[in-house]
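Given next are the chains, with one letter for each unit.
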Amino acid sequence: MDIDSRLAAIEETQNKILRLLANRAPPEPSVMTLKQAAEYVGFSPDHFRRLAVEQRSIPFSRPSGQQKGKLLFRRSDLDKFLDTSAMGETAPKQPGRKRKSKDIHLW
C-alpha cells in the first residue's frame with residue numbers, strides 16, 4: 001500500500017468518526033424538571049407530581065426553598081424509584097388520618 005492510499009484510508013476513517021459524533025444524541029441531564037422527569041419515568045406530569053409531593057414516593061428539591069415553586073429531580077433518584085417499583089416494592093406509607101369507627105354493636 002502506498003502512502004497516498006494509506007492517507008486516503010485514514011481521512012475516510014476520520015470522516016466516519018466525525019459523522020458518528022455529530023449524529024450522537026446529547027447526554028441526559030442529571031437534574032430534571034417535573035416535565036422532563038415525568039417523561040423519563042413514563043407518567044403524566046400531574047400523576048408524577050402527586051407521587052412526589054403528596055405521597056413522597058420520589059425525592060425532589062425546590063431551588064426556591066419555599067413550599068411552592070419549581071421541582072427538581074435527580075436522575076439517580078428516578079432510577080432507584082423505577083428499580084423499586086419494578087421489583088414490586090413500595091415506599092413506606094406515611095401515617096394518615098385515623099377514621100372513626102362506625103361499628104354498630106347490638107347487645
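Everything quoted here is computed from the prediction, not taken from an experiment. (Residues numbered from 1 in each chain as written. Predicted model: local features only at pLDDT ≥ 70, side-chain atom pairs only at ≥ 80, totals over all residues. Heavy atoms only, no water.)

Novice: Honestly, the overall build of the protein chain in this entry has me stumped. Any pointers?
Specialist: Within the protein chain one finds four helices and two strands. From first element to last, N terminus to C terminus, the protein chain shows the α and β order α-β-α-α-β-α. Here the protein chain holds 107 residues, and 13% of them are scored as buried. Long-range contacts, defined as pairs at least 24 residues apart, comprise 46% of the intrachain contacts of the protein chain with a sequence gap of at least 6. (Helix = DSSP H or I, 4+ residues; strand = E, 2+ residues; numbered from the N terminus. Buried < 20%, exposed > 50% of the residue type's maximum accessible area, 1.4 Å probe, protein only. Contact = heavy atoms within 4.5 Å.)

Novice: Just to check I follow, could you spell out a nonpolar patch on the surface for this structure?
Specialist: A cluster of nonpolar residues, Ile3, Leu7 and Ile10, forms a patch on the protein surface that exposes about 300 Å² of accessible area. Looking at the element boundaries, Ile10 is found in helix 1 (residues 3-23). (Patch = residues over 30% accessible without salt bridge, like charges linked within 9 Å, V, L, I, M, F, W, Y side chains within 5 Å. Areas by Shrake-Rupley, 256 points an atom, 1.4 Å probe, with all protein chains shown as cover. Salt bridge = Lys/Arg side-chain N within 4 Å of Asp/Glu carboxyl O.)

Novice: Which parts of the structure should I look at to understand the packing of aromatic side chains?
Specialist: For any two aromatic rings, the description comes down to two numbers: the centre-to-centre distance and the angle of the planes. Summed over the entire model, instances satisfying the criterion amount to three aromatic pairs. Seen from their ring centres, Phe60 and Phe73 are 6.2 Å apart, and the 50 degrees between their planes marks the pair as tilted. Placement of the pair is Phe60 in the loop between helix 3 (45-54) and strand 2 (72-74) and Phe73 in strand 2, with a sequence separation of 13 residues. We classify Phe60 as partly exposed; its relative accessible area is 22%. (Phe/Tyr/Trp six-rings, centres within 6.5 Å; stacked < 30°, edge-to-face > 60°.)

Novice: Help me out: how do you make sense of helix 3 in this one?
Specialist: Residues three or four positions apart in an α-helix share a direction because the helix packs 3.6 residues into each turn. Turning to helix 3, its buried residues number three or more, namely Phe48, Leu51 and Ala52. Burial along helix 3 is one-sided: seen end-on, the buried residues are contained in an arc of 90 degrees. In this structure, helix 3 carries Asp46 and Glu54 as exposed residues pointing more than 90 degrees from its buried face. Buried-residue contacts for helix 3 involve helix 2 (34-41), strand 2 and helix 4 (75-86). Just downstream of helix 3, Arg56 is the residue with a positive phi angle, here 55 degrees. (Arc of directions from axis to C-beta.)

Novice: Explanation requested: the nonpolar core in the structure shown.
Specialist: The nonpolar side chains of soluble globular proteins are, as a tendency, buried together. Among the nonpolar cores identified, the biggest contains 13 residues, and Ala37, Phe48, Ile58, Phe73 and Leu78 are the most heavily contacted of them. Among the secondary structure elements, those contributing two or more residues to this core are helix 2, helix 3 and helix 4. Among the elements that make up this core, the one with the highest residue count is helix 2 (four residues). For Ala37, the residues in contact, after removing those within four places along its chain, are Met32, Phe48, Phe73 and Leu78. (Core = buried A, V, L, I, M, F, W, Y, C linked by side-chain atoms within 4.5 Å.)

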